[in-house]
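So you can see what is in the structure, the chains are spelled out below.
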Amino acid sequence: MSEEERPQKPTPEQIKEAASKIIGYFGGYFATWTIDIGIRAKLFEVISTYSDGITSEDLAKETGLNFLYIDVWCRNALGAELLDMKDDRYILSPAMSEVLLNRDSPAYVTGTAQVLVGLREVFASLREWIKTGEHSWWDAAPREFVDAVAESSRSFYTRLLNFVEGNTDIRNKLAEGGTLLEIGVGYGTGLIRFAELYPNAKLIGVDGDTYSLEQSKLNFAQKKMDNRSRFVRSTFEDYAESEVTDVALINISLHEARDIKRTIAVMHRSLKPSGVIIVSEFPYPDTKEGLRTPPARVMSGIQYFEAIIDDQLLPTREFVSLLSDAGFRNIKAVDLTPIHTVIIGYK
């Protein structure tokens, strides 16, 4: 190896910059756990009721929780800028209250924090599976993680609802009594919100997971909407009905299909003439610059779980190409946030 090819010794400034970058990631890890603990112990909720703030001592008294742990949590939340401080009182700003506590906000992020915490067993498994190549599936995932995924999907559905409301054609299809089919319905929480917004619409939920489908049925029954809905247990690729729906939706699940092309073909077949497909997905970047952004780092972390179930998030352009190949026309992709894109196409 020549002198020119030999790796150059880093400067003290380069070493400092590299270490600082990594320490920042460590801080983000603890901030994520601080969010999870604060939500589960209802600490953010209690603090939000005090416009002038509350001391850690009074917070411990009000919640009946251990003062030392509460005091440590408050200082972590302050350091992560989740809380503000006035004198010795901790305050939750209106903006933080919106993104942490308002489950119907398009900016709600708590579910995502709980997903990341729920991945701890996945990462522990990877220590061995990276050697063996072993894979798993949703039915073996920790229930806490599955519940967190359902919670994180709320903001995706909120943004989807806003998108549909802003699209005259799709809105009219549902408002005038059309049918909405959701592939990968999960617990049905998103489909229920569509049902509430469009009381004349009929609904079909499809999922291959028995537990999730039973939860969907239960949730619709509790809302007394079971007379407008029906559910089909099927894998994405094997759903067999033809021309039964006006709108076919799949929310942050298409990338997990065992056969994405076949799933899109199934959705195409399920649509009536002039029906519309809505693909709601993560817009995973495919450039170095794109990967080095905070939203992309979150999506890259999610890729670990996707790898365990033997799939991967895809760039938006690939979904557009797949819809075109399946015969959809007038395809349009819209980025709703840096981690959420919607692609629509017509039959």
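See the structure above.
Residues numbered from 1 in each chain as written. Predicted model: local features only at pLDDT ≥ 70, side-chain atom pairs only at ≥ 80, totals over all residues. Heavy atoms only, no water.

Engineer: Describe the overall build of the protein, and please don't skip the residues or the numbers.
Structural biologist: Summing up its helical and strand segments, the protein has 15 helices and 9 strands in all. Along the longest, intermediate and shortest principal axes, the C-alpha atoms of the protein span 70 × 65 × 40 Å. Within the protein, contacts between residues at least 6 apart in sequence are counted, and of these 68% link residues at least 24 apart. In the protein, 39 positive and 50 negative side-chain charges are present, and the distance between their average locations comes to 3 Å. (Helix = DSSP H or I, 4+ residues; strand = E, 2+ residues; numbered from the N terminus. Contact = heavy atoms within 4.5 Å. Lys, Arg positive; Asp, Glu negative; His and termini not counted. Charge placed at Lys NZ, Arg CZ, Asp CG, Glu CD.)

Engineer: Account for helix α15 (residues 316-325), with residues named and values stated.
Structural biologist: Listed in full, the buried residues belonging to α15 are T316, F319, L322 and L323. The arc that holds every buried residue of α15, seen down its axis, measures 125°, which confines them to one face. Exposed residues pointing more than 90 degrees away from the buried face of α15 are listed as R317 and D325. In this fold, the buried residues of α15 make contact with α12 (260-270), β7 (271-281), β8 (329-337) and β9 (340-346). Directly beyond the C-terminal end of α15, a positive phi value near 100° is found at G327. (Buried < 20%, exposed > 50% of the residue type's maximum accessible area, 1.4 Å probe, protein only. Arc of directions from axis to C-beta.)

Engineer: Explain the pairing of β9 residue by residue, including any values.
Structural biologist: The buried count for β9 comes to 7 of 7 residues, which makes it a mostly enclosed element. By the alternation rule, side chains of β9 split into H340, V342, I344 and Y346 and T341, I343 and G345, which are all buried. Across 6 bridges, β7 lies against β9 in antiparallel orientation. For I277, the partnering residue across the bridge sits in β9 and is G345. As paired strands, β8 and β9 are joined by 6 bridges and run antiparallel to one another. Bridge pairing in β9 links D335 to T341. (Pairing = 2+ DSSP bridges.)

Engineer: An account of the packing of helix α6 (residues 110-118) against helix α8 (residues 143-165) is requested, with residue identities and associated values reported.
Structural biologist: Remark: α6 packs on α8, axes separated minimally by 8 Å, with the N-to-C direction vectors making an angle of 160°. By the criterion of interaxial angle, the relationship of α6 to α8 is roughly antiparallel. Between α6 and α8 lies a crossing whose hand is left-handed. On α8, the residues that touch G111, T112, Q114, V115, V117 and G118 of α6 are E144, F145, A148, V149, E151 and S152. Broken down by class, the residue content of the contact of α6 with α8 amounts to 5 nonpolar, 5 polar and 2 charged. (Axes fitted to C-alpha atoms, helices over the stretch in contact; angles between N-to-C directions. Parallel < 35°, antiparallel > 145°, perpendicular 65-115°, else oblique. Left-handed = near helix turned anticlockwise from the far one by under 90°. Nonpolar A, V, L, I, M, F, W, Y, C, P; charged D, E, K, R; others polar.)

Engineer: Can you lay out the packing of aromatic side chains for me, pointing to particular residues and giving the numbers?
Structural biologist: In total, this model carries 9 aromatic pairs according to the counting rule given. For the pair W138 and F145, a centre-to-centre distance of 5.8 Å together with 20° between the ring planes defines the contact as stacked. Taken individually, W138 and F145 each receive the classification buried, so the pair is uniform in this respect. Ring geometry for F156 against F282: centres 5.4 Å apart, planes inclined by 70°, an arrangement best described as edge-to-face. Residue F156 is located in helix α8, and its partner F282 is located in the loop between β7 and α13 (288-291); the two are separated by 126 residues in the primary sequence. Under the relative-accessibility criterion, F156 is labelled buried at 2%. (Phe/Tyr/Trp six-rings, centres within 6.5 Å; stacked < 30°, edge-to-face > 60°.)

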